[in-house]
Amino acid sequence: MSASTQQLAEELQIFGLDCEDVLIEKLAELCILYRQNEEQVVSELVAFCTSTGKVCLTSETLRTFEHEILSKRLSKTWPSAAKDSGHAGSRDIISIQELIEVEEEEETLLNSYTTPSKGSQKRAITTPETPVTKRSVSARSPHQLLSPSSFSPSATPSQKYNSRNNRGEVVTTFGSAQGVTWSGRGGAGRVSLKVVGCPEPLTRSYKSMFQKLTDIREVLTWKIEELGSELKEHYKIEAFTPLLVPAQEPVALLGQIGCDSNGKLNSKSVIIEGDREHSSGAQVPVDLSELREYSLFPGQVVVVEGINTTGRKLVATKLYEGVPLPFYQPTEEDGGFEQTMVLVACGPYTTSDSITYDPLLDLISIINHDQPDVCILFGPFLDAKHEQVESCLLTSPFEDVFKQCLRTVIEGTRSSGSHLVFVPSLRDVHHEPVYPQPPFTYPDLSREDKKRVQLVSEPCSLSINGVIFGLTSTDLLFHMGAEEICSSSGTSDRFSRILKHILMQRSYYPLYPPQEDMSIDYENFYAYAQLPFTPDVLITPSELKYFVKDVLGCVCVNPGRLTKGQVGGTFGRLYLKRPPGDGEERRSPCVAAQVVRI
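Every value quoted in this text rests on a predicted model; they were computed, and no experiment measured them.

### Some points on the sheet that holds strand β9 (residues 340-346)
Sheet architecture is open: seven strands sit in the order β1-β22-β21-β9-β10-β11-β12, paired in mixed fashion. Edge positions in the open sheet fall to β1 (170-175) and β12 (453-455), since each of these has one partner strand only. Looking at each pair of strands side by side, their axes are set apart by 15° on average, direction ignored. Most of the contacts of helix α10 (residues 358-370) go to β9, to which it runs at about 180°, and overall it touches β9, β10 (374-378) and β21 (570-576). Contacts from helix α12 (residues 398-412) reach β10, β11 (419-423) and β12, with the element oriented near 160° to β11.

Right, dumping it as structure tokens:
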């Protein structure tokens, strides 16, 4: 960085300050030394002179200015720098190594334009047995790629995480996991990844916070009418009756479940809000005393059969909850019936008391060892709820920290050849906090990495060799579990009920109104957050306990989070083998699944 003495003199004249040439040269040295431009240094100097009452510039004034202003700013900007250093902050060993590699690449490029006799003697002699490749950076370990000290002043490892003694423990199993080696072929196998949209997937950012209440009402009305027509056809219902019309005999009413107040839904506060075509959006309370079994949540589209003698209260006698979509039928483009190993993990990727990303580095080691065909990694990668993020202790922009994490995963797993799928989270502090959430942007991908890295939206339907994965990083189990009410004559599994609702309501987020921290753009929600098919595998990470369940033929997996506070968490792995389509009875392509401690 250079500084112009002429520009410094002009900046000083703006404030009416005359200065000797010797002092201007000294000021130029300070610009270079502390990485400031001419305008910044003069502005700081004028402010300093005004506050201290100094009317003329002397060498003593510049020394005091350097000591009290510039050096203190330096120590704040580069906390790892030595106190007595006169340079603009010390670089860590990784940055130095990167500079050396860049210089070597530039020197190699220059030498390629010279004759061998005039070339640099430092140029390495290469043979076909020892070729020079541009991927030499990938040979470094992930610990070298990720340098937490460069963006955090307190990057001390978590003692509780490092002292764990249950790493690698299998906590739950699904299917025939016995005899499975749990190792894939990395980049050696044929993997076909394709994002499935309804009608098309979300691929870019969009303008949010511009929706009108009438637009939200339209989306909710469309949802009621679409599911209502499916329910009518499936259950052979002759016609729907308006909500406010009195009826002495059982009638079928179409609508959406709601609460009669701003409080939590309970059996006494249930209302049904009718559709626009039959009921013009009218509402009536629902008496559930005659129903032996039910499971309801706000926003659920149902058909209720019952008696409405006065038109002011419906006594429900039967409930039709929903109809799941058909499964996807694979085509020849989806590849063959090869076995595929899929690893799934969900952030945070660092413990709450540290920013060292040790769990992420351990996960990269597992990927390199097991070489799964596909790795699906859910956010948050830099958690908005992390202590150091909330306290604003990071010294680098959030975007830079995220890019360093992404670069570490991509370059750290090159040797495995695994395909990487990155799913954002509303808790990613650097990303757009709107649902549906557009994919991450990472323009630094090399041509080689673009073949194996897929950046998808939240939520997303992904086809892996013809096996449909439903992916969502939103804690839907927690959100719906807090609002659902149920009555059952026998033992009922809460997780299975919620997952069944998701499949039957054909939506990645059927809850309405949503939880307070959810910001939903309903026009894009209708276009990008609906299920195009019933997925073969549904991945729903949650703070709640991990599980693997078969619900309506869909294998639903909660792999947990990679960290739980200050301790290690869990991740999931699945074995897929798509059965041939000649059989009449459908078989799940998920042969086996496990949830494992990191």
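### Details of the packing of helix α1 (residues 5-14) against helix α3 (residues 38-52)
At their nearest, the axes of α1 and α3 sit 9 Å apart, and the two run at 40° to each other. It follows from the interaxial angle that α1 and α3 lie oblique. Taken as a pair, α1 and α3 cross one another with a handedness that is right-handed. For the pair α1 and α3, the contacting residues are Gln7, Leu8, Glu11 and Leu12 in the first and Glu38, Glu39, Val42 and Leu45 in the second. Looking at the contact of α1 with α3 residue by residue, the class counts come to four nonpolar, one polar and three charged.

### A closer look at the pattern of salt bridges
All chains considered together, the criterion is met by 16 salt bridges. We note a salt bridge from arginine 414 to aspartate 449, for which the minimum N-O separation is 2.8 Å. Within this pair, whereas arginine 414 is found in the loop between α12 and β11, its partner aspartate 449 is found in helix α13 (residues 447-450), the two being separated by 35 residues in sequence. Judged by relative accessible area, which is 4%, aspartate 449 ranks as buried. If you follow the salt bridges from partner to partner, you end up with Asp383, Arg427, Glu543 and Arg561 in one network.

### Comments concerning the pairing of β9
Here β9 lies mainly inside the structure; seven of its seven residues are buried. On β9, burial covers both faces: Thr340, Val342, Val344 and Cys346 on one face and Met341, Leu343 and Ala345 on the other are all buried. Pairing geometry for β9 and β21, over five bridges, is antiparallel. Paired with methionine 341 across the bridge in β21 is tyrosine 575.

### Looking at the packing of aromatic side chains
Taken as a whole and assessed by the stated rule, the structure comprises 15 aromatic pairs. Ring centres of phenylalanine 48 and phenylalanine 65 lie 5.7 Å apart, and the angle between their planes is 50°; on these two criteria the pair is classed as tilted. Of this pair, phenylalanine 48 sits in helix α3 while phenylalanine 65 sits in helix α4 (residues 59-77), and the two are 17 residues apart along the sequence. Across the pair, exposure class does not vary: phenylalanine 48 and phenylalanine 65 are buried alike. When the centroid spacing of 5.8 Å and the interplanar angle of 75° are considered together, the rings of phenylalanine 381 and phenylalanine 440 count as edge-to-face. With a gap of 59 residues between them, phenylalanine 381 in the loop between β10 and α11 (387-390) and phenylalanine 440 in the loop between β11 and α13 connect regions that are remote in the sequence. You can call phenylalanine 440 buried: its relative accessible area is 4%. Put simply, the rings of Tyr349, Phe381, Phe402, Phe422 and Phe440 touch in pairs and so form one group of aromatic residues. Over the aromatic face of tyrosine 161 sits the side chain of arginine 164, whose NZ or CZ is 3.9 Å from the ring centroid. In this structure, arginine 586 packs its charged tip against the face of phenylalanine 327, placed 3.6 Å from the ring centre.

Cut-offs and rules
Starting afresh in each chain, residues are numbered from 1 along the sequence in its written order. Only residues with pLDDT of at least 70 are given local features in this predicted model, and only at 80 or more are side-chain atom pairs given and counted; all residues enter the totals for whole chains, interfaces and linings. Side-chain calculation: all heavy atoms of the structure are included, whereas hydrogens and water are not. Strands qualify as paired when DSSP identifies two bridges or more between them. Strands are runs of DSSP state E lasting at least 2 residues, helices are runs of H or I lasting at least 4, and numbering of each runs from the N terminus. As a rule, the C-alpha atoms of each element are fitted with a line to give its axis, helices using only the stretch in contact, and angles between N-to-C directions run from 0 to 180 degrees. Throughout, a residue-residue contact means that at least one pair of heavy atoms, one from each residue, lies within 4.5 Å. Throughout this description, any angle smaller than 35 degrees is read as roughly parallel, any larger than 145 degrees as roughly antiparallel, any in the 65 to 115 degree range as roughly perpendicular, and the remainder as oblique. Handedness of a crossing is defined here by the sense of rotation of the near helix relative to the far one, left-handed for an anticlockwise turn of less than a right angle and right-handed for a clockwise turn. As a working rule, the residues Ala, Val, Leu, Ile, Met, Phe, Trp, Tyr, Cys and Pro are called nonpolar, Asp, Glu, Lys and Arg charged, and the rest polar, with Gly in that last group. Here, a salt bridge means any side-chain nitrogen of Lys or Arg that lies within 4 Å of a carboxyl oxygen of Asp or Glu. Residue burial is assigned from relative accessible area. The probe radius is 1.4 Å, only protein chains are included, and a residue is buried under 20% of its type maximum, exposed over 50%, and partly exposed in between. Two aromatic rings from Phe, Tyr or Trp, using only the six-membered ring of Trp, form a pair when their centres are within 6.5 Å; if the ring planes differ by under 30 degrees the pair is stacked, by over 60 it is edge-to-face, and anything between is tilted. By definition here, charges over rings are those cases where NZ of Lys or CZ of Arg is within 6 Å of the ring centre and within 35 degrees of the ring normal.

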